[in-house]
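# Structure at a glance
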Amino acid sequence: MGRTSKKLTISNCDNYGAMTVLGTDTYKLRVGGIIGYLSSGGETTADDINNHGEVTVTHAQGHDSHVAGIFGSALAASSLKNSSNSVGGKVFVKGNPGGSNTGGVIGYASYPIDIDNCHNCDSVKINLTTNAQAILGGIIGYNNTSATKVIKNTSNSGVVFAE
C-alpha cells in the first residue's frame, strides 16, 4: 500500500515481492515493504505483517527519504505487533538521497507507536555518493523524541551500515 490517511487494521499480511524505486528529482520518497506512508489520520493497527522482499531506493537527485521494510514513514498513532522484516527483506538506499531516514522496520516515526514482538532479520544499508545526511537503525531509522510509546520484545539481527 502506498499511503493511508484513514484508520486501518491490517493483519496476517505478507509481502514477497521486491520493490525498486528510482527517484529522479527532488521528491520526498516514502517507501515501505508493506506501507509507504501512514499520514495524519491514518492510525493503523497492524498484527502479523511481514516483509520478505528487498526494498531498494536509488536517488538520482533526491531529498528527504523515509525507507523501511514495513512502514516507510509513520506520521499517525499506530500499533505494530508480531511482525518482521524477514530474511530476504534487505533495505538498501543508494545514490544522492539528501537526507535519508532508513530502518529495518520503520524508517521515520513522528507520532506515538507501540512496537511489540517485531524483528528485523536482514541488512539495512545506505550507500551515499555525496556528502549527505544518513540516519539508520535496525528497528527505527529516526524516532521523533515523543513518537514511540513502547518498544518491547523487539530485536534486530541484521547488519546496519552506511558507506
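Residues numbered from 1 in each chain as written. Predicted model: local features only at pLDDT ≥ 70, side-chain atom pairs only at ≥ 80, totals over all residues. Heavy atoms only, no water.

Attention shifts here to the pairing of strand β6 (residues 44–51). With seven bridges joining them, strand β2 (residues 8–15) and β6 adopt parallel strand pairing. Bridge pairing in β6 places Asp14 opposite Asn50. Here six bridges tie β6 to strand β10 (residues 78–85), and the two strands are oriented parallel to one another. Residue Thr45 lies in a different strand from β10, and its bridge partner there is Ser79. (Pairing = 2+ DSSP bridges. Helix = DSSP H or I, 4+ residues; strand = E, 2+ residues; numbered from the N terminus.)

This part takes up the nonpolar core. Grouped together as the largest cluster of nonpolar side chains are 19 residues, with contacts concentrated most on Ile49, Ile70, Phe71, Leu80 and Ile106. Only β2, β5 (35–38), β6, β9 (71–74), β13 (106–109) and β14 (113–120) provide two or more residues apiece to this core. If one sorts the elements of this core by residue count, β14 sits on top with three residues. Those residues in contact with Leu80, other than ones at most four positions away along the chain, are Ala46, Ile49, Ile70, Phe71, Val105, Ile106, Asp114, Ile115, Asp116 and Cys118. (Core = buried A, V, L, I, M, F, W, Y, C linked by side-chain atoms within 4.5 Å. Buried < 20%, exposed > 50% of the residue type's maximum accessible area, 1.4 Å probe, protein only. Contact = heavy atoms within 4.5 Å.)

Tallied over the full model, the rule gives one aromatic pair. Taken together, a centroid distance of 5.3 Å and an interplanar angle of 10° make the contact between Tyr108 and Tyr142 stacked. With Tyr108 in strand β13 and Tyr142 in strand β17 (residues 140–143), the pair connects residues that are 34 residues apart, well separated along the chain. Above the ring of Phe92, the side-chain terminus of Lys90 is found at 5.0 Å from the ring centroid. (Phe/Tyr/Trp six-rings, centres within 6.5 Å; stacked < 30°, edge-to-face > 60°. Lys NZ or Arg CZ within 6 Å of the ring centre and 35° of its normal.)

The strand order across the open sheet built from five strands is β3-β7-β11-β15-β20, with neighbouring strands paired in parallel fashion. The open sheet has two edge strands with one neighbour each: β3 (19–23) and β20 (160–162). Direction aside, neighbouring strands of the sheet carry axes that sit 5° apart on average. Of the strand pairs in this sheet, β3 and strand β7 (residues 55–59) are connected by five bridges, and their pairing is parallel. Its bridge partner lying in β7, Gly23 is registered against His59. (Axes fitted to C-alpha atoms, helices over the stretch in contact; angles between N-to-C directions.)

Turning next to the side chain of Ser73. Relative to the assigned elements, Ser73 resides in strand β9. With near-sequence residues (within four places) excluded, Ser73 lies in contact with Arg30, Gly36, Tyr37, Leu38, His66 and Tyr108.

Next up on the list: the sheet that holds strand β8 (residues 65–68). In spatial order, the strands read β4-β8-β12-β16; together these four strands make up an open sheet with parallel pairing. The sheet terminates laterally at β4 (30–32) and β16 (133–137), the two strands that pair on one side only. When strand polarity is set aside, the average angle formed by the axes of neighbouring strands in this sheet is 10°. Note that strand β12 (residues 99–103) and β16 share five bridges and pair parallel. Looking across to β16, one finds that Thr102 is bridged to Leu136.

This brings us to the pairing of β13. Inspection of the sheet shows β9 paired to β13 by three bridges, in the parallel sense. From the neighbouring strand, Ala74 faces β13, where its bridge partner is Ala109. Judged from the three bridges that link them, β13 and β17 form a sheet pairing that is parallel. Note that in β17 the partner of Ile106 across the bridge is Ile140.

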